[in-house]
Amino acid sequence: MEYTREIYWNIGHDWTVLLPMYLLSFAAVAVVVNEFIHRVRVYKQGQPLNRIDNLPLRVRGMLRDIFLQSQVIRVRAPGSAHALFFWGFVLLAIGTTLIFIQADLTDPLFDLRFLTGPFYLMFSLVLDIAGVVAILMLLGLLVRRTIVRPAGLENKLDDAVMHTLLLVILVSGFVIEGARMAVTEIGTPLAAWSPVGLLAAKLMSGLEESALRGLHSNLWWFHLFLVVAFIAIIPFTKLRHILTTSTNYLFADLGPKGLLPTIDMEDEEAESFGAAKISELSWKDIFDADACTSCKRCQDRCPAWATDKPLSPMKLVQQIGDVAFHNPQAGLPETLGKDVLWACTTCRACQEICPAGIEHVNKIIEVRRNLVLMEGEFPGEEVMTAMENTEVNGNPLGLAYASRGDWAAGLPVSVLGENSDVDILYFVGCYASFDKRNQAIAKAFITLCNAAGIRIGILGKEEKCCGEPMRKMGNEYLYQMLATENIEQIRSYGIAQIVTTCPHCFNTLSKDYRDLGLEVEVSHYTEYLAALVEKGQLKIAPQSFECTYHDSCYLGRYNNIYQAPRDLLHAAGAQLTEMDKHASESFCCSAGGGRILADENIGSRISEKRAHMAAATGAPTLISNCPFCLTMFEDGIKGAELDNRLKPQDLAEILVERIADH
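Residues numbered from 1 in each chain as written. Predicted model: local features only at pLDDT ≥ 70, side-chain atom pairs only at ≥ 80, totals over all residues. Heavy atoms only, no water.

### Here's the deal with the overall build of the protein
This is how the line gets drawn: The way it works is that DSSP assigns letters per residue, a run of H or I at least four long becomes a helix, a run of E at least two long becomes a strand, and they are numbered from the N terminus. Only protein chains enter the accessibility calculation, which uses a 1.4 Å probe; a residue whose area is less than 20% of its type maximum is buried, one above 50% is exposed, and one in between is partly exposed. Only heavy atoms matter for contacts: two residues are in contact if any of them lie within 4.5 Å across the pair. Residue-level accessible areas treat just the shown protein chains as cover; the underlying method is Shrake-Rupley with a 1.4 Å probe. The charge count treats Lys and Arg as positive and Asp and Glu as negative. His and the chain ends do not count. All charge positions are set by atom: Lys at NZ, Arg at CZ, Asp at CG, Glu at CD.
A count of helices and strands for the protein gives 27 helices and nine strands. With the C-alpha coordinates aligned to their principal axes, the bounding extent of the protein is approximately 100 × 60 × 50 Å. When burial is assessed residue by residue, the protein has 54% of its 662 residues classed as buried. By sequence separation, contacts in the protein at least 24 residues apart represent 80% of the contacts at least 6 residues apart. If you sum the accessible surface of the protein, you get close to 28,400 Å²; carbon and sulfur atoms cover 57% of it. On the protein, the mean spot of the 58 positive side-chain charges and the mean spot of the 76 negative ones are 4 Å from each other.

### Let's talk about the sheet that holds strand β9 (residues 647-650)
Our working rule: Two strands are said to pair when DSSP picks up at least two bridges between them. To obtain each axis, a line is fitted to C-alpha atoms, and for helices this fit is confined to the stretch in contact; angles are then taken between N-to-C directions over 0 to 180 degrees.
One open sheet accounts for four strands, arranged β7-β6-β8-β9; its pairing is parallel. If you trace the sheet from one side to the other, it starts and ends with β7 (574-576) and β9, each paired once. Between one strand axis and the next, the sheet turns by 45 degrees as a mean value, whatever way the strands run. Bridging between strand β6 (residues 545-549) and strand β8 (residues 621-624) involves two bridges; their strand directions are parallel. From the neighbouring strand, Tyr-549 faces β8, where its bridge partner is Ile-623.

### Some thoughts on a nonpolar patch on the surface
The following threshold applies: Distance thresholds for patches are 9 Å for like charges and 5 Å for nonpolar side chains (Val, Leu, Ile, Met, Phe, Trp, Tyr), applied to residues having over 30% relative accessible area and no salt bridge. One speaks of a salt bridge when a side-chain nitrogen belonging to Lys or Arg is within 4 Å of a carboxyl oxygen belonging to Asp or Glu.
On the surface, a cluster of nonpolar side chains totalling about 430 Å² of accessible area is made up of Ile-52, Leu-55, Val-59, Leu-63 and Phe-67. Inspection of the secondary structure puts Phe-67 in helix α2 (residues 55-67). Relative accessible area serves as the criterion here: at 44%, Phe-67 is assigned to the partly exposed category.

### Let's talk about the packing of aromatic side chains
Let me state the cut-off plainly: For this analysis, a ring pair means two rings from Phe, Tyr or Trp (six-membered ring only for Trp) whose centres lie within 6.5 Å, classed as stacked if their planes differ by under 30 degrees, edge-to-face if by over 60, and tilted for the remaining angles.
Following the criterion strictly, the structure yields 20 aromatic pairs and no others. When the ring of Tyr-431 is compared with that of Phe-628, the centres are 5.5 Å apart and the planes differ by 70 degrees; the resulting orientation is edge-to-face. Here Tyr-431 is found in helix α18 (residues 430-434), whereas its partner Phe-628 is found in helix α26 (residues 627-639), with 197 residues between them in sequence. Look at Tyr-431 and you get buried, because its relative accessible area is 12%. The exposure class of Phe-628 is buried, given its relative accessible area of 7%. Relative to Tyr-558, the ring of Tyr-554 has its centre 4.0 Å away and its plane inclined at 10 degrees; by these criteria the two rings are stacked. With relative accessibility at 3%, the residue Tyr-558 sits in the buried group. Taken together, the ring pairs in this structure connect Tyr-43, Phe-251, Trp-283, Phe-287 and Phe-325 into an aromatic cluster.

### Details of the pairing of strand β4 (residues 497-500)
As a reminder of what qualifies: If you view a crossover with the strands going away from you and the path from the first strand over the helix to the second runs clockwise, you call it right-handed.
Residues Gln-497 and Val-499 of β4 are buried on one face, and the alternating residues Ile-498 and Thr-500, pointing to the opposite face, are buried as well. Pairing analysis gives three bridges linking strand β2 (residues 424-427) to β4, with the strands arranged parallel. Pairing of Phe-427 across the sheet is with Thr-500, part of β4. The pairing of β4 with strand β5 (residues 521-524) spans four bridges and is parallel. Directly across from Thr-500, in β5, lies its bridge partner His-524. For the crossover from β4 across helix α22 (residues 503-510) to β5, the handedness is right-handed.

### Let's talk about a negative patch on the surface
On the surface, Asp-264, Glu-266, Asp-267, Glu-268 and Glu-269 cluster together into a patch of negative charge. Take Asp-267: it is sitting in the loop between α8 (241-250) and α9 (283-291). On the basis of relative accessible area, Asp-267 is assigned to the partly exposed category, the value being 34%.

### Topic: helix α7 (residues 209-233)
Inclusion rule: Multiplying 1.5 Å by the residue count of a helix minus one yields the expected span of that helix.
With 25 residues, α7 extends 36 Å between its outermost C-alpha atoms, agreeing within 8% with the 36 Å of an ideal straight helix rising 1.5 Å per residue. Contacts from the buried residues of α7 go to α1 (15-43), α3 (76-110), α5 (157-184) and α8.

### Re the pattern of salt bridges
All told, the structure shown has 38 salt bridges when counted by the stated rule. Ionic pairing is found between Lys-309 and Glu-600, a salt bridge with its closest N-O pair at 2.9 Å. Of the two residues, Lys-309 sits in the loop between α11 (303-306) and α12 (313-326) while Glu-600 sits in the loop between β7 and α25 (606-615), which places them 291 residues apart along the sequence. Among the charged side chains, a salt-bridge network with shared partners connects Arg-51, Asp-253, Lys-284, Asp-285, Asp-288, Glu-359 and Lys-363.

### A word on the sheet that holds strand β3 (residues 456-458)
What the five strands build is an open sheet, ordered β1-β3-β2-β4-β5; its pairing is parallel. Each end of this open sheet is capped by a strand with a single partner; those strands are β1 (414-415) and β5. Of the pairings in the sheet, the one linking β1 to β3 comprises two bridges and is parallel in character. For Val-415, the partnering residue across the bridge sits in β3 and is Ile-458.

### Regarding α9
Within α9, nine of the nine residues are buried, which leaves it mostly tucked inside the rest of the structure. Looking at the buried side of α9, the elements it contacts are α1, α8, α12 and α16 (361-375).

### Structural notes on the packing of helix α23 (residues 525-535) against helix α24 (residues 563-571)
Heads up, the condition is: Note on terminology: angles under 35 degrees are roughly parallel, angles over 145 are roughly antiparallel, angles of 65 to 115 are roughly perpendicular, and the others are oblique. Note: crossing handedness is left-handed where the near helix turns anticlockwise from the far helix by less than a right angle, and right-handed where it turns clockwise. Classes in brief: Ala, Val, Leu, Ile, Met, Phe, Trp, Tyr, Cys and Pro nonpolar; Asp, Glu, Lys and Arg charged; the others, Gly included, polar.
The geometry of α23 relative to α24 is characterised by a closest axis approach of 8 Å and an angle of 50 degrees between their N-to-C directions. Taken together, the axes of α23 and α24 lie oblique to each other. Here the hand of the crossing between α23 and α24 comes out left-handed. Contacts between α23 and α24 involve Thr-526, Glu-527, Leu-529, Ala-530 and Val-533 from the first element and Ala-564, Pro-565, Leu-568 and Ala-571 from the second. A breakdown of the residues in the contact of α23 with α24 according to their chemical character gives seven nonpolar, one polar and one charged.

### Concerning the environment of Val-72
Mapped onto the secondary structure, Val-72 falls in the loop between α2 and α3. When the C-alpha atoms of Val-72 and Pro-355 are compared, they prove to be 5.0 Å apart, with 283 residues separating the residues in sequence. If we ignore the near neighbours within four places in the chain, the residues touching Val-72 are Gly-79, His-82, Tyr-249, Arg-297 and Pro-355.

### Remarks on the pairing of β2
Burial along β2 is two-sided: Ile-424 and Tyr-426 and Leu-425 and Phe-427, pointing in opposite directions, are all buried. Pairing analysis gives two bridges linking β2 to β3, with the strands arranged parallel. Pairing of Ile-424 across the sheet is with Ile-456, part of β3.

This is a description of form; function is not addressed.
This is the structure in structure tokens:
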């Protein structure tokens, strides 16, 4: 027998079938197009933003993330189920397309049939397997949503509609196949190549042929109506993520990770700064709301949400969408909630895990900018005081700028104003300059560089705060003032390389300062020292010790520096026990986003929660690489009453104790 089947068996292939089929299909597509035209008008309320540059790279990234489901499967169980369902559904869609091409194009126009022979056998087998996998994965996701119901996973009407419709479409497809096979294929070699359809056929084999034909015909039209309905409701339900999430991969931010747009503070035509209304956000910020799948991955990883603060990144994005579509004149600070906006630590955990390419952090910063620059609002008096201190003395601690370099007295370090013949500029930062606990890290770094024969210089009283906490709090004006002064000083000495011990300084100098004209190589001390150790220039004598290590957000997620600190720990003899949340899943210390300047008055303390995570490893030492983190852990360990179980130390302190004798 010929390995093929009659397409449109029992249905017919004349105008009485084709006309209503294509009219319904075109009507559904017209509904989708019309609704998305409306939605595009809503997106265009936002400010212009170029996200179609470098199209070849963008298209490659989009195709990778769509067809490999690379973002989705990062959360293994539900992600794998979604990916398998997606791949199954895609194969079914391809199969339907091939049937359309043969039945309505190549066969009537060119008398060409390609769904025959071995190709047809594989075609049948693959589609059966794809269909049953899609059904099983959809049932698994349905059980998770309706029975398991992870905390925070919201169930809405369109979730029920979406799951039910997809399930009925898939199951009815197999019943249609089974009815056809019960009449035409049972007992033939062809039947084995459609195993699921064969099972359905055997279950129906006791029916009369007339009953099977009637069931097949009626269910075929019902199935068609369901598919048409599925297409038509896409833009009105969460199903629109099929299009919007896929497109959002195309609009990915290709710039340096976490880079904020620099405001032209000299723009005399600007009526306001930041975003108070939806029209002052970008079109991408509005589009993100349509791409959101409410999977709550961002919410699950938000340190503010985990410590009972009102910020849910997922809900914030959805609220922006509600404003854009239903109340575009509403004030964003009032609608989103000021406590929500100030709670963000800009740790980027939400953005890194998002399977839909949504950018949460910049939305919050833009609204903060409006609150600070236009309304003069801060989350507390202590933040306003820190801003005033920085404006007067160049640091938020309120200490005299002239004493900024006093910590280095007697150390082998040059102040550039006196001697600029150095190998590197050490940009010390405010905490290492003025806080006694963090001065120990600065001194340790100097000692390590000296052991490696590196001539090191500092700006001393000419250094100002890098401005990062002020910028993340929304004070772009103060940030740019500080940055401009720092850049002028660095340029005046012809510095070729900068090293910092603060990831916040590192991220700001290496990325944000470039927008203002600084073109100097910038390194964090962990990478810099790791390179010296690898070259043999810095010799470390390992001494065994137990520890756990905290990946700071601005070194890890913002700059993908995970291995260098671990290499140094290994060189120092560490027996490292990782926390459950480490590397890209690391949990914030609470100091980012300018929160180092603010009191934590809502919910429980983030630093205490992180201290408990560290203590759970059983390791006696918690290693960090950031002065903000160390400061938070000093307080968090005391607040959590873990003083007798856990000691916070910086990596530089571990290394300096193990410098090998030459």
